[in-house]
Amino acid sequence: LHFLVDLFAEWTLPESNIPITLLNQIINSVSQLSDMFQKTHHCQWMVDGLLRILINHPLEDTIVHSKLLFTLCKAISLLQADKAGEKLMPFIEEALTSDFLVLQQSALNGSFYLLESQLGCFEGSLVAILAEFVINKLEYDITMPINYIASVWAVAVTIREKFPEECENSEGFTMLLMQFGMKVLSEQSTPFMLYQFVIRGFQRLVLSFSLPSSEFEILTHLSTNQLERDDPQKCLSAFGLLMTCMYCGREGSRVINLERDQDSTDQMLAGAMDKMRKILDCVGHCCETQAKPLAAVICYLVTDFFPKEQMINTFVSEFLSPRQQNRHLISLVLYDLFQGMIIAGNFNQICEWVLLVLRNFVQLRPLSFSVWSTSVLLLCSSKNRNLSRFLPYIVHNINQVDSDMFILICKDFAENLTKDEKALFLEMLELGSKVHSVELAQNEYSAIFETLKEIPVAANEQ
């Protein structure tokens with residue numbers, strides 16, 4: 001690295017008279033190597049040498065000027081060099097007014113570094129110039145290069161985040177920013193790279209609390225609606241924005257235990273529940289590639305935003321819903337939910353609840369689906385960790401009846417019941433036997449019913 005810097009320093013001296021093609025390659029190399037510079041004098045050499053070349057190099061050579069401009073902006077932001085920044089300002093202004101998109105994009109990318117460094121010499125003039133430029137460019141034109149649109153968006157988001165006063169002085173800046181982002185996300189033909197870039201920009205604004213409450217609610221609603229997209233990549237990107245909005249919004253105050261009155265808490269729960277229903281709807285109708293990461297996050301959402309006891313009915317209803325195409329994923333969510341309650345010492349409450357809903361499971365048709373569903377329900381509520389390890393095997397074999405496993409699961413569940421609870425459990429099994437006797441006289445329900453009926457009640461179950 002030191003050898004290259006010394007060599008480039010010698011080649012860029014005024015008396016070296018190197019060819020333009022070599023100069024172009026040197027600037028390219030310096031721009032990339034600058035990420036590895038750790039010493040101040042390396043960056044200082046970049047500023048002194050490249051600024052001299054920029055001032056003396058013909059303006060007609062827009063390619064070299066664009067690369068010089070970007071590299072200098074990076075070096076000045078690292079050095080926090082105000083004086084060099086003042087010398088660079090006219091070149092940035094000229095580049096932004098140029099007819100060449102390459103030069104404009106180079107100025108935008110370089111300005112991004114300067115905005116992040118928040119140099120004093122740029123806070124007024126540069127921000128005002130960039131804000132005016134961005135306002136005129138915040139429109140999605142499919143003919144424009146994606147990288148150029150992304151650069152405009154990055155600068156706009158950074159100005160809104162770090163210089164809110166300047167945005168207030170620029171009429172309609174925030175409104176145009178929101179309209180541009182919403183238009184990009186709403187267009188079906190938007191390339192995924194640009195879609196993802198806009199999502200990340202919105203996430204940054206949400207995480208920095210740079211948006212007023214009205215725009216925040218618009219973003220939450222937008223991200224919720226984007227879950228209905230058929231494209232798995234875009235759907236998952238929108239899901240990330242929705243999570244950001246939930247954890248940073250009103251619902252998120254419950255996660256960090258902020259004190260709220262009861263009415264406010266109820267409103268937060270209702271809002272979070274609406275979003276959860278949208279997520280479950282998405283899991284229900286989308287492909288497994290799209291549904292799997294959504295289901296993996298749901299359990300954490302339940303833990304953070306809802307009382308687990310209130311969510312059991314919601315997930316069981318979703319499991320039983322005829323529209324649900326990914327029951328095996330909902331099964332895994334139910335398992336995590338039940339195991340969390342067991343760890344919290346609420347096993348008796350789980351048994352009561354399972355016996356309450358078991359009637360719906362044993363009456364499902366056909367018989368194979370009923371047995372599978374009942375197996376999943378009882379296995380999710382089991383305290384037997386060794387038996388629970390079979391859950392992935394069972395949930396991925398929908399409608400396939402394993403009679404021996406079903407009997408084993410039912411026996412394990414019955415062992416933890418009181419006398420009254422066991423009687424109710426036998427009543428449900430007998431109901432399942434009668435319901436499916438038309439389909440098969442000697443079915444799995446009748447077999448387990450006869451087996452458990454003959455087992456005496458233990459003394460500790462009395």
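Conventions and cut-offs
Residues numbered from 1 in each chain as written. Predicted model: local features only at pLDDT ≥ 70, side-chain atom pairs only at ≥ 80, totals over all residues. Heavy atoms only, no water. Disulfide = S-S within 2.5 Å. Buried < 20%, exposed > 50% of the residue type's maximum accessible area, 1.4 Å probe, protein only. Helix = DSSP H or I, 4+ residues; strand = E, 2+ residues; numbered from the N terminus. 1 Å grid on protein atoms, 1.4 Å probe; cavity = no way out; pocket = protein on both sides within 12 Å on 5 of 7 lines; lining within 4 Å. Points joined across faces, edges and corners; volume = space filled by probe spheres on them. Nonpolar A, V, L, I, M, F, W, Y, C, P; charged D, E, K, R; others polar. Phe/Tyr/Trp six-rings, centres within 6.5 Å; stacked < 30°, edge-to-face > 60°. Lys NZ or Arg CZ within 6 Å of the ring centre and 35° of its normal. Salt bridge = Lys/Arg side-chain N within 4 Å of Asp/Glu carboxyl O. Expected span 1.5 Å × (residues − 1). Polar contact = N/O pair within 3.5 Å; in protein donor to acceptor, adjacent residues only side chain to side chain. Contact = heavy atoms within 4.5 Å. Axes fitted to C-alpha atoms, helices over the stretch in contact; angles between N-to-C directions. Left-handed = near helix turned anticlockwise from the far one by under 90°.

Bringing the state of the cysteines into the picture now. Per the stated rule, a full pass over the model turns up zero disulfides. In this structure Cys 287 is not part of a disulfide, and its nearest cysteine sulfur, from Cys 286, lies 5.7 Å away. The exposure class of Cys 287 is partly exposed, given its relative accessible area of 38%. A disulfide-free cysteine, Cys 351 has its sulfur positioned 13 Å from the sulfur of Cys 410, the nearest such atom. Residue classification places Cys 351 among the buried positions, given a relative accessible area of 1%.

Cis peptide bonds are those with omega within 30 degrees of zero, and the linkage from Arg 365 to Pro 366 qualifies with 0°. You will see that Phe 209, though not glycine, has its phi angle at about 55°, which is positive. Mapped onto the secondary structure, Phe 209 falls in the loop between α11 (192–207) and α12 (213–225). Here Phe 209 falls in the exposed class, since its relative accessible area comes to 58%.

Moving on, we get to the layout of surface pockets. The computed volume of the largest pocket comes to approximately 230 Å³. Those elements that provide at least two residues to the lining of the largest pocket are α2 (20–33) and α3 (40–56). Looking at which element gives the most residues to the lining of the largest pocket, the answer is α3, with three residues. When its residues are assigned to classes, the lining of the largest pocket shows seven nonpolar, five polar and one charged.

Moving on: the packing of aromatic side chains. Applying the stated criterion to the full structure yields ten aromatic pairs. Pairing Phe 319 with Phe 361 gives two aromatic rings, centres 5.8 Å apart and planes at 25°, and the pair type is stacked. Here Phe 361 lies in helix α19 (residues 347–362) and Phe 319 lies in helix α17 (residues 308–320), a separation of 42 residues in the sequence. Over the ring of Phe 347 we find Lys 383, and its NZ or CZ is 4.5 Å from the ring centre.

This part covers the pattern of salt bridges. Tallying each qualifying case throughout the model produces six salt bridges. The residue Glu 161 makes a salt bridge to Arg 204 at a minimum N-O spacing of 2.3 Å. Highlighted residues: Glu 161 in helix α8 (residues 146–162) and Arg 204 in helix α11, separated in sequence by 43 residues. Among the residues examined, Glu 161 registers a relative accessible area of 21% and is labelled partly exposed. Close ionic contact of Lys 434 with Glu 430 constitutes a salt bridge, the shortest N to O distance being 3.8 Å. With a gap of four residues between them, Lys 434 and Glu 430 both fall in helix α24 (residues 419–435), about one helical turn apart.

Bringing α8 into the picture now. Taking 1.5 Å per residue, 17 residues should reach 24 Å; α8 reaches 24 Å between its end C-alpha atoms and fits that length. Taken across its 17 residues, α8 has 13 buried, putting it largely inside the fold.

Moving on, we come to the side chain of Ser 151. Within the secondary structure layout, Ser 151 lies in helix α8. For Ser 151, a relative accessible area of 6% puts it in the buried group. A distance of 2.9 Å separates a polar side-chain atom of Ser 151 from the backbone oxygen of Asn 147. Discounting residues that sit within four places of it in the chain, Ser 151 has contacts with Gln 105, Leu 108 and Asn 109.

What follows deals with the side chain of His 65. With respect to the helices and strands, His 65 occurs in helix α4 (residues 62–79). The class of His 65 is buried, set by a relative accessible area of 6%.

The N-to-C vectors of α4 and helix α5 (residues 82–96) enclose an angle of 145°; their axes lie 11 Å apart at closest approach. Taken as a pair, α4 and α5 cross one another with a handedness that is left-handed. Between α4 and α5, the residues in contact are Leu 69, Leu 72, Cys 73 and Ile 76 and Ala 84, Gly 85, Leu 88, Phe 91, Ile 92 and Ala 95, respectively. When its residues are assigned to classes, the contact of α4 with α5 shows nine nonpolar, one polar and no charged.

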